[in-house]
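Chain by chain, the residues:
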Amino acid sequence: MRMVHMVSSPRITRLSDWCVPCGTRQGKTLAYALATGELEFSLLLLHYLKRIALDLFGLTPQFKGGIISDHTEVFVNAFQEVFPNDQVMQCFPHIIRKFRIDGRREGNGQYMKLLKNNQSFGLWDKAEEDVYMLRGCRSQPMFDKLKDMILASWTHDGEQDLADTFRKSYLDNDLFNKWRYNVSGIPGCIPQNNSHERSNLDTKGCAAFSGIIKAGQNMTALLNIELPGLVYFNSI
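Residues numbered from 1 in each chain as written. Predicted model: local features only at pLDDT ≥ 70, side-chain atom pairs only at ≥ 80, totals over all residues. Heavy atoms only, no water.

### Some words on the overall build of the protein chain
So, step 1. If you tally the helices and strands in the protein chain, you get 8 helices and 5 strands.
So, step 2. Counting from the amino terminus, the protein chain carries its helices and strands in the arrangement β-β-β-α-β-α-β-α-α-α-α-α-α.
So, step 3. Expressed as a percentage of the 236 residues in the protein chain, the buried residues total 42%.
So, step 4. Residue pairs in contact within the protein chain that sit at least 24 positions apart in sequence constitute 56% of those at least 6 positions apart.
So, step 5. Just so you have it, the protein chain exposes about 12,700 Å², and 53% of that area is on carbon and sulfur atoms. (Helix = DSSP H or I, 4+ residues; strand = E, 2+ residues; numbered from the N terminus. Buried < 20%, exposed > 50% of the residue type's maximum accessible area, 1.4 Å probe, protein only. Contact = heavy atoms within 4.5 Å. Areas by Shrake-Rupley, 256 points an atom, 1.4 Å probe, with all protein chains shown as cover.)

Okay, here's the thing in structure tokens:
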């Protein structure tokens with residue numbers, strides 16, 4: 001399984017990595033790349049990841065659990081260009097956050113503004129529960145049937161904007177509609193990036209603790225101090 005994360009670094013250059021999950025709260029980094037943008041990062045890193053695997057082992061990597069990404073076409077398009085035979089999946093926590101508002105930064109309530117009456121918390125709670133039920137579907141026919149029922153229910157309640165936006169973003173778009181529980185076909189391989197988000201947090205740090213690297217360093221410090229330190233830390 002492949003996961004994406006971006007770490008801010010000096011000016012327009014980005015230090016980025018691709019990570020493989022080990023459980024739900026830990027990730028192991030496959031490779032790092034320095035690039036000037038998301039597209040350059042994705043193509044550069046994927047190209048050399050594929051080439052190095054071929055040179056060292058005579059094998060082309062296959063991601064049996066697929067790629068898991070947020071709603072970002074640049075990552076998905078690059079992955080499909082380099083690994084056209086591997087499945088693309090959508091990170092479910094990135095979806096459900098749009099249906100949540102709480103004090104622990106687990107939700108931004110982005111879809112609440114689509115409600116005709118944004119004080120309709122009963123309907124809001126129902127919509128969140130509906131999305132969780134969709135995630136729990138064990139087969140594509142089950143997902144398709146429940147999807148139609150939920151959208152019809154939202155429309156019946158007068159929330160056409162919510163139904164149309166959710167359908168367009170996460171139901172009808174083949175790049176981002178694979179987020180049900182066992183869509184990869186591998187038991188326990190859930191479409192979520194939690195392990196990589198944790199790796200990202202450890203790398204950058206937060207108000208409560210310092211990260212592995214210091215953001216905002218110049219290129220000399222980044223290449224000679226921060227990046228080698230990060231590679232060493234993640235190798236032990």
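### Overview of the packing of aromatic side chains
So, step 1. This structure, assessed with the given rule, holds 13 aromatic pairs.
So, step 2. Seen in terms of ring centroids, Phe79 and Phe83 are 5.4 Å apart; in terms of plane orientation they differ by 40°. Their pairing is tilted.
So, step 3. Residue class for Phe79 comes out buried when judged on its relative accessible area of 0%.
So, step 4. You can call Phe83 buried: its relative accessible area is 3%.
So, step 5. Above the ring of Phe83, the side-chain terminus of Lys50 is found at 5.6 Å from the ring centroid.
So, step 6. A cation over a ring is seen here: Arg135 above Phe92, with NZ or CZ 4.6 Å from the ring centre. (Phe/Tyr/Trp six-rings, centres within 6.5 Å; stacked < 30°, edge-to-face > 60°. Lys NZ or Arg CZ within 6 Å of the ring centre and 35° of its normal.)

### Quick look at helix α1 (residues 38–57)
So, step 1. With 20 residues, α1 should cover 28 Å at 1.5 Å per step; its first-to-last C-alpha distance of 28 Å lies within 8% of that length.
So, step 2. When we look at burial in α1, the residues that qualify are Phe41, Ser42, Leu45, Leu46, Leu49 and Ala53. With its buried residues spanning 110° around the axis, α1 presents them on a single face. (Expected span 1.5 Å × (residues − 1). Arc of directions from axis to C-beta.)

### Some thoughts on the nonpolar core
So, step 1. Counting 36 residues, the largest nonpolar core has Phe99, Val131, Leu134, Trp154, Phe166 and Trp179 as its most contacted members.
So, step 2. Elements with a contribution of two residues or more to this core: α1, α2 (73–82), α3 (92–96), α4 (121–135), α5 (140–156) and α6 (160–171).
So, step 3. Residues within four places of Phe166 in sequence aside, it is in contact with Ile95, Phe99, Tyr111, Val131, Leu134, Trp154, Leu171 and Trp179.
So, step 4. In terms of nonpolar packing, the next biggest core, distinct from the first, is built from 5 residues, Ala31, Ala33, Phe41 and Leu45 among them. (Core = buried A, V, L, I, M, F, W, Y, C linked by side-chain atoms within 4.5 Å.)

### Some points on the packing of α5 against α6
So, step 1. One can describe the packing of α5 onto α6 by two numbers: an axis separation of 7 Å at closest approach and a directional angle of 155°. Classified by the angle their axes make, α5 and α6 are roughly antiparallel. The way α5 lies across α6 gives a crossing that is left-handed. Contacts between α5 and α6 involve Phe143, Lys147, Leu151, Trp154 and Thr155 from the former and Gln160, Leu162, Ala163, Phe166, Arg167 and Leu171 from the latter.
So, step 2. In terms of residue class, the contact of α5 with α6 is built from 7 nonpolar, 2 polar and 2 charged. (Axes fitted to C-alpha atoms, helices over the stretch in contact; angles between N-to-C directions. Parallel < 35°, antiparallel > 145°, perpendicular 65-115°, else oblique. Left-handed = near helix turned anticlockwise from the far one by under 90°. Nonpolar A, V, L, I, M, F, W, Y, C, P; charged D, E, K, R; others polar.)

### Structural notes on the pattern of salt bridges
So, step 1. Considering all chains together, one arrives at 4 salt bridges under this definition.
So, step 2. A salt bridge links Arg51 to Asp55; its shortest N-O distance comes to 3.9 Å. With Arg51 and Asp55 both in helix α1 and 4 residues apart, this pair spans about one turn of that helix.
So, step 3. Judged by its relative accessible area of 57%, Asp55 falls in the exposed class.
So, step 4. Taking the shortest distance from any N to any O, the salt bridge between Asp144 and Lys147 comes out at 3.9 Å. Note that Asp144 and Lys147 are positioned in helix α5 at a spacing of 3 residues, about one turn of the helix.
So, step 5. Classification of Lys147 by relative accessible area gives buried; the value is 13%. (Salt bridge = Lys/Arg side-chain N within 4 Å of Asp/Glu carboxyl O.)

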